[in-house]
Amino acid sequence: MSTKPFIMDHPLIQHKLTLVRDKHTGSKEFRELISEIATLMCYEATRDLPLTEVEIETPVAVAKTKVLSGRKLAFVPILRAGMGMLDGVMQLVPAAKVGHIGLYRDPETCEPVEYYCKLPSDIAERDVIVIDPMLATGGSAIDAIKMIKQRGVTSIKFMCIIAAPEGLAALTAAHPDVKVYCAALDDHLNDHKYIVPGLGDAGDRIYGTK
Ligand code: PRP
Ligand code: URA
């Protein structure tokens, strides 16, 4: 599996990303944009879903056409900020199941701290897409994916909006089998392990907590 991220440079995604980066964008618009970007990214991240041919009758004739086949999907947002992407992806795959993993970065160490994990009982039989707007040090994504793998899942993608090179390197080293999708690969992390230029604290901007 390639360790390069799939960078989604579609003009609509890039335009919306500029708006979410802007510090003058308020919580309501920020939430809407994160959800819209997630929908557009999900469209691309599901491009390789397998199809099978079926025969149906249109009002005019019998037609051979295609439907999704293979394993069903589950989305796993990393709380809190990952929840901001959930509605957007569920719009495209409304039948997907949803698991939740709660992790926060300790403000001193920037290490992830687990506080919640509830995954669908049949998750091992599903393709899983983990969603979180930010991949900074990679600690949260690495731990979340470890928790999902412990439940027997073998097919995992990670979808974030902004990735830092440091987080991407750590994630691909820890989980080389996981394909990473992002809308932008930014420059670096600052001393507080925030992505530069980034968009600030995604959770705080979604929920207006700062
Ligand atoms: C943010 C973000 C990721 C994590 C990324 O969450 O949503 O989960 O930081 O950082 P990392 O790659 O260095 O682990 P945060 O811990 O701020 O929690 P929140 O979503 O509840 O605000
Ligand atoms: N978490 C965020 O929300 N933003 C960053 O830049 C890094 C971690």
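Provided above is the structure to which this section pertains.
Residues numbered from 1 in each chain as written. Chains lettered and ligands numbered in written order. Predicted model: local features only at pLDDT ≥ 70, side-chain atom pairs only at ≥ 80, totals over all residues. Heavy atoms only, no water.

Undergrad: How should the overall build of the protein be read in this particular structure?
TA: Of regular secondary structure, the protein possesses six helices and 15 strands. Counting only C-alpha atoms, the protein reaches 65 × 40 × 30 Å along its principal axes. Looking at the protein as a whole, 46% of its 210 residues qualify as buried. Considering only residue pairs separated by 6 or more positions, the protein has 63% of its internal contacts joining residues 24 or more positions apart. Total accessible area on the protein is roughly 11000 Å²; 55% of this is exposed by carbon and sulfur atoms. The average position of the 24 basic charges and that of the 27 acidic charges among the side chains of the protein differ by 3 Å. (Helix = DSSP H or I, 4+ residues; strand = E, 2+ residues; numbered from the N terminus. Buried < 20%, exposed > 50% of the residue type's maximum accessible area, 1.4 Å probe, protein only. Contact = heavy atoms within 4.5 Å. Areas by Shrake-Rupley, 256 points an atom, 1.4 Å probe, with all protein chains shown as cover. Lys, Arg positive; Asp, Glu negative; His and termini not counted. Charge placed at Lys NZ, Arg CZ, Asp CG, Glu CD.)

Undergrad: What's the story with the site of ligand 1 in this structure? I'm lost.
TA: Taken together, 15 residues are adjacent to ligand 1, and R105, D132, T137, G138 and S140 come closest. G138 is positioned such that a nitrogen or oxygen atom in its backbone is 2.8 Å from an oxygen atom of ligand 1. Here ligand 1, which alone exposes 500 Å², has 92% of that area covered by the protein. Those elements that place two or more of their residues in the shell around ligand 1 are strand 6 (100-105), strand 9 (134-135) and helix 4 (139-149). Taken together, the residues of the shell around ligand 1 break down into six nonpolar, five polar and four charged. (Near = heavy atom within 4 Å. Polar contact = N/O pair within 3.5 Å; in protein donor to acceptor, adjacent residues only side chain to side chain. Nonpolar A, V, L, I, M, F, W, Y, C, P; charged D, E, K, R; others polar.)

Undergrad: Any chance you could explain the pattern of salt bridges here in plain terms?
TA: Where charged atoms of side chains with opposite charge meet at close range, the side chains can pair. In the structure shown here, the tally under the stated rule is 13 salt bridges. E36 is paired through a salt bridge with K16; the nearest N and O atoms lie 2.8 Å apart. One end of the pair, E36, is in helix 2 (residues 27-45); the other, K16, is in helix 1 (residues 11-21), and 20 residues separate them in sequence. When the shortest N-O distance is used, the salt bridge between K146 and D143 registers 3.8 Å. Taken together, the positions of K146 and D143, both in helix 4 and three residues apart, correspond to about one turn of that helix. On the accessibility criterion, D143 (25% relative accessible area) is partly exposed. (Salt bridge = Lys/Arg side-chain N within 4 Å of Asp/Glu carboxyl O.)

Undergrad: What is the right way to read the site of ligand 2 from this model?
TA: The full set of residues close to ligand 2 is R105, M134, A136, K193, Y194, I195, G200, D201 and A202. With respect to ligand 2, the backbone of G200 contributes an N or O atom lying 2.8 Å from a nitrogen atom. Broken down by class, the residue content of the shell around ligand 2 amounts to five nonpolar, one polar and three charged.

Undergrad: Could you clarify how one ought to interpret helix 2 in this entry?
TA: The α-helix winds at 3.6 residues per turn, so residues separated by three or four positions along the chain end up facing the same way. Taking 1.5 Å of rise per residue, the 19 residues of helix 2 would be expected to cover 27 Å, and the 26 Å separating its terminal C-alpha atoms lies within 8% of that figure. Among all positions in helix 2, only F30, L33, I34, S35, I37, A38, T39, M41, C42 and A45 are buried. Residues of helix 2 that are buried sit in contact with helix 1, strand 4 (73-79), helix 3 (83-92), strand 10 (156-159), strand 12 (179-182) and helix 6 (202-207). (Expected span 1.5 Å × (residues − 1).)

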